[in-house]
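Fold and contact review
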Amino acid sequence: MKMKLALPALAALLAASTAIGSAMAAEVNLMAYDARFETNYRKAVIEPFEQETGIKVNYTPASTSAEQIGILRAQKGNPTIDLSIMDTSTGRSGNKEGIFTEVDASVVTNINDLYEAAHVNKPFGPGLTFDYIGIIYNTERVPQAPTALADLWKPEFKGEIAWPGRSMDALMPTVVLNKSLGGDYKQNVDLAIAKLVELAPSVQTWAPAPDVYTVVMNGTAKIGIGWNSFAQYYADLSGGKLAIVPPAEGTVFQINTINQVANGPNPKEAQQFMNYALRPDVQARFSSLMAYAPTNSKAELPPEILKRTASRPDVMEKAIPMDWDYFASKRDEWLDLWRKDIMTTQ
């Protein structure tokens, strides 16, 4: 009699243990930016997600979107990554190559509340954050704040400019500068390239190390080009020694997208994480730490946080629309122009 009672109880206990073990074993593999992004994204998004769901997030850091897409191309036949956070143009390349899969909006329901601009790669990975590129400067060495890209050509900045000559850091200001000179980037960027050739001898470094923000913050350079989210982080870190201004000529929104890898090992958990990452309260929490503007229209930011993001009205008013398909088709060609005509000029 006791044995008959014990066996069902034991079976139930084993079943419960198996269920608990399965839940604890659930995981999702995310690849995204390293350094400051990783630190803050873990704190604002990953750790709360793990606590709420019991799903472990394995984070693979990468320096750039180009590095990420290279890794994903190499493992396309047998991917180990489930999700990737990268810029929209690189994400678009992954979509065309079959690296990423379309998003199921019936599961990732928060996608329905995103701003229209966040659907730039629809039906693939949606926009996760908005950012803009601007002029960063050392407030101790530059007492009067610059206002425009044109200020970089002033004599007082000769030999004092730090400008990362890589992908988006180089090309987004090129598009803005070209427009300010009367050009149309969909025709060519010749006007901007010629103007940047004039500036090249005044540039201290095209490869700031460890990064442009540190180089400007510590006074090695007076002024540079950088992204708002990182600049706000370093503005806080430095107690205001570093600051950023949106160029009077305008800017281009940088959209980081979150993309589900086709045939990734944990598709269900990937969808669950993507939906969580797009949730309005989660996006607002990350914005408060990293000054990225949220893509969810229901995210509410306090005024003191809002003014630090790309959602600032004065930034949004001057944002230049970008044809990302065209940009992707010209990206390598324009980067070649940078390397051959600008970065080699001394």
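Below is a summary of the structure that appears in this document. (Residues numbered from 1 in each chain as written. Predicted model: local features only at pLDDT ≥ 70, side-chain atom pairs only at ≥ 80, totals over all residues. Heavy atoms only, no water.)

1. A short note on the pattern of salt bridges
The final tally for this structure, using the stated rule, is 17 salt bridges. For Arg42, the salt bridge goes to Glu38, with nearest N and O atoms at 3.1 Å. Of this pair, Arg42 and Glu38 are both found in helix H2 (residues 35-53), four residues apart, which corresponds to roughly one turn of the helix. Judged by its relative accessible area of 28%, Arg42 falls in the partly exposed class. Classification of Glu38 by relative accessible area gives buried; the value is 16%. A salt bridge links Lys298 to Asp113, with the nearest nitrogen and oxygen atoms 3.6 Å apart. Taken together, the residues Lys298 in the loop between strand E10 (293-294) and helix H11 (303-306) and Asp113 in the loop between helix H4 (88-96) and strand E4 (127-138) connect sequence positions 185 residues apart. Here the salt bridges share partners, and the residues they tie into one network are Glu52, Arg279 and Asp281. (Salt bridge = Lys/Arg side-chain N within 4 Å of Asp/Glu carboxyl O. Helix = DSSP H or I, 4+ residues; strand = E, 2+ residues; numbered from the N terminus. Buried < 20%, exposed > 50% of the residue type's maximum accessible area, 1.4 Å probe, protein only.)

2. Remarks on the environment of Leu72
Within the secondary structure, Leu72 is located in helix H3 (residues 65-74). Classification of Leu72 by relative accessible area gives buried; the value is 2%. Discounting chain neighbours no more than four positions away, the residues touching Leu72 are Met31, Ile81, Ser84, Met86, Ile99, Phe100 and Val261. (Contact = heavy atoms within 4.5 Å.)

3. Quick word on the nonpolar core
Ranked by size, the top nonpolar core spans 102 residues in total, and within it Tyr41, Met172 and Phe273 carry the most contacts. Apart from the residues within four sequence positions on either side, Met172 is in contact with Ile133, Trp227, Val252, Met322, Trp324 and Phe327. (Core = buried A, V, L, I, M, F, W, Y, C linked by side-chain atoms within 4.5 Å.)

4. Describing the packing of aromatic side chains
All told, the structure shown has 22 aromatic pairs when counted by the stated rule. Seen in terms of ring centroids, Trp206 and Trp338 are 5.3 Å apart; in terms of plane orientation they differ by 85°. Their pairing is edge-to-face. In this pair, Trp206 sits in the loop between strand E6 (203-205) and helix H7 (212-217) while Trp338 sits in helix H13 (residues 324-342), placing the two residues 132 residues apart along the sequence. Accessibility assignment for this pair places Trp206 and Trp338 in one class, buried. Taken together through their ring pairs, the aromatic side chains of Tyr33, Phe37, Tyr41, Phe49, Phe273, Tyr276, Phe286 and Tyr292 make up a single cluster. The ring of Phe230 is capped by Arg36, whose NZ or CZ atom sits 4.4 Å from the centre of that ring. (Phe/Tyr/Trp six-rings, centres within 6.5 Å; stacked < 30°, edge-to-face > 60°. Lys NZ or Arg CZ within 6 Å of the ring centre and 35° of its normal.)

5. With respect to the packing of H4 against H13
Geometrically, a packed helix pair is captured by the angle between its two axes and the distance between the axes. Taken N-terminus to C-terminus, the directions of H4 and H13 make an angle of 85°; their axes are 9 Å apart at the nearest point. Between H4 and H13, the interaxial angle falls into the category roughly perpendicular. Across the interface between the two elements, Thr88, Ser89, Thr90, Arg92, Ser93 and Lys96 from H4 touch Trp324, Asp325, Phe327, Ala328 and Arg331 from H13. For the contact of H4 with H13, the class distribution of residues is three nonpolar, four polar and four charged. (Axes fitted to C-alpha atoms, helices over the stretch in contact; angles between N-to-C directions. Parallel < 35°, antiparallel > 145°, perpendicular 65-115°, else oblique. Nonpolar A, V, L, I, M, F, W, Y, C, P; charged D, E, K, R; others polar.)

6. As for the side chain of Arg92
Of note, Arg92 is situated in helix H4. You can call Arg92 buried: its relative accessible area is 12%. Polar contacts involving the side chain of Arg92 include one to the main-chain carbonyl oxygen of Val120, which spans 2.5 Å. Apart from the residues within four sequence positions on either side, Arg92 is in contact with Val120, Asn121, Trp324 and Asp325. (Polar contact = N/O pair within 3.5 Å; in protein donor to acceptor, adjacent residues only side chain to side chain.)

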